[in-house]
Amino acid sequence: MRIDLHSHSSVSDGSQPPADVVRRAHAAGVDVLALTDHDTVAGHAEAARALPPGMTLIRGMELSCRLGGRSLHLLAYLFDAAEPELAAERRRIREDRAHRARGMVERLGRLGAPVTWEMVQRVTGESVPGRPHVARAMVEAGVISTMDEAFTREWIGAGGRAYVDRYALDAVTAVGLVREAGGVPVIAHPRASRGGYLFTDEEIAGLARAGLGGIEAGHPEQTDADRAHLRALAADLGLFTTGASDDHGEATGHRLGAETTSAEAYEALLAQATGAGPDVGGRGSS
């Protein structure tokens, strides 16, 4: 069984609509897919409707958090989307994303970059604007050649000339909110240096004491040495480890199923969830 527990659609910063993500995952041989758009559950219904017989959808989300003054991403699985506190935080984060994106466009304008809010909106479509959308607009405007160039101190990377900070949940609080909503929290790519997601063993242990369920050890931007270390750390802390593609479609190169989660870790995740069950194609929600 091929299990990919981290993917994105055009509802956040992926390039394909949720139904297309499901179809691409099926074509790639994925049996279980988690749709984990940033701070939103808006793509779940479309993804569930597109499930072919026998394929399973795990409803998830990648929640924007902060730990030690740095950005931390928390994958939340099978939570009750109607739980009011977590729903309110999702809404607050999304509203701030739009405010932040506008601020970056304004700073880019002051730097002489011909990027307008209308360009960002066209790239964003119906999803919530974020840095990747601003970066795509910068490429379209000819300011940079590739999206990676945007995420530097020259432009909209952390501390960069056009960077604008954002609201994010305290990570310990976020873990508690996900648990209260019946979900299972997993720290996303904790050793992916490209995005600055470098968290110490002690920081991860602190999240484990708060209720963290697992660690995303298998990720395209984590080295073999880091993966081995994270698996050993998870074993010491009593956590499970996941593997996932973190596919964003064209932005990452279509890579659904490139990294997978073991059946044992998947069963551990399901055993901890009390908020919602997975959707199975041909059977509906279970």
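Owing to the predicted nature of the structure, the values given are computational and were not obtained by experimental measurement. Residue indices follow the written sequence of each chain, beginning from 1 at its first position. Only residues with pLDDT of at least 70 get local features here, since the model is predicted, and only at 80 or more are side-chain atom pairs given and counted; chain-wide, interface and lining totals rely on the full set of residues. Side-chain metrics rest on all non-hydrogen atoms present in the structure, leaving aside hydrogens and water.

**Regarding the overall build of the chain**
- For the chain, the helix and strand inventory stands at nine helices and twelve strands.
- Dimensions of the chain along its principal axes, counting C-alpha atoms only, are 55 × 40 × 40 Å.
- Burial analysis of the chain (286 residues in total) assigns 55% to the buried set.
- Element-wise, carbon and sulfur atoms account for 49% of the exposed surface of the chain, whose accessible area totals about 11,600 Å². Helical segments are the DSSP runs of H or I of at least four residues, strand segments are the runs of E of at least two, and each set is numbered from the N terminus. For every residue, the accessible area obtained with a 1.4 Å probe (protein chains only) is divided by the maximum for its type, and the residue is called buried under 20%, exposed over 50%, and partly exposed between those limits. Surface accessibility follows the Shrake-Rupley procedure with a 1.4 Å probe radius. Residue values consider only the protein chains on display as shielding.

**Examining helix α8 (residues 224-237)**
- Counted at 1.5 Å a residue, the expected span for α8 with its 14 residues is 20 Å, and the 20 Å between its end C-alpha atoms agrees.
- For α8, the complete set of buried residues consists of R227, L230, L233 and A234. The arc enclosing the buried residues of α8, seen along the axis, measures out at 130°, which places them on a common side. Residues of α8 that are exposed and point over 90 degrees away from its buried face: D224, A225, A235 and D236.
- In the core, the buried residues of α8 are packed alongside β7 (191-192), α7 (201-210), β9 (214-218) and β10 (240-243).
- Following α8 by one or two positions, G238 has its phi on the positive side, about 75°. Multiply 1.5 Å by the residue count of a helix minus one, and that product is the helix's expected span. To be clear, the arc concerns the directions from the helix axis to the C-beta atoms. Note on definitions: a residue-residue contact is assigned when non-hydrogen atoms from the two residues lie within 4.5 Å.

**Regarding the packing of aromatic side chains**
- Pairing of aromatic rings covers Phe, Tyr and Trp, the last counted by its six-membered ring, and requires centre-to-centre distances within 6.5 Å; plane angles under 30 degrees mean stacked, over 60 mean edge-to-face, and any other angle means tilted. Tallied over the entire structure, the rule returns zero aromatic pairs.
- In this analysis the charged atom, NZ for Lys or CZ for Arg, is taken to sit over a ring once it is within 6 Å of the ring centre and within 35 degrees of the ring normal. Its end group placed over the ring of W155, R161 keeps NZ or CZ at 4.7 Å from the ring centre.

**Regarding the environment of H248**
- Structurally, H248 can be placed in the loop between β10 and α9 (263-272).
- Judged by its relative accessible area of 11%, H248 falls in the buried class.
- In sequence terms H248 and V21 are 227 residues apart; their C-alpha atoms lie 9.1 Å from each other.
- Setting aside residues up to four positions removed in sequence, H248 forms contacts with H8, D13, G14, S15 and H38.
- Under this definition, polar contacts are N or O atom pairs within 3.5 Å; protein pairs additionally need one hydrogen-donor-capable and one acceptor-capable atom, and for neighbouring residues in sequence, both atoms have to be side-chain atoms. Among the polar contacts made by the side chain of H248, one reaches the side chain of D13 at a distance of 3.4 Å.

**A closer look at the environment of V115**
- Along the chain, V115 turns up in the loop between α3 (84-110) and α4 (117-124).
- Using a relative accessible area of 5% as the deciding quantity, one classes V115 as buried.
- Considered as a pair, V115 and V139 are 24 residues apart in the sequence and their alpha carbons are 9.4 Å apart.

**A closer look at the pattern of salt bridges**
- Think of a salt bridge as a Lys or Arg side-chain nitrogen and an Asp or Glu carboxyl oxygen that are within 4 Å of each other. On inspection of all chains with the given rule, the structure shows nine salt bridges.
- Measuring nitrogen to oxygen at the nearest pair gives 3.1 Å for the salt bridge that ties R161 to E154.
- Taking relative accessible area as the criterion, E154 reaches 42% and is therefore assigned partly exposed.
- E259 serves as the salt-bridge partner of R227, at 2.8 Å between the closest nitrogen and oxygen. Of this pair, R227 sits in helix α8 while E259 sits in the loop between β10 and α9, and the two are 32 residues apart along the sequence. The exposure classification of R227 matches that of E259, with both residues buried.

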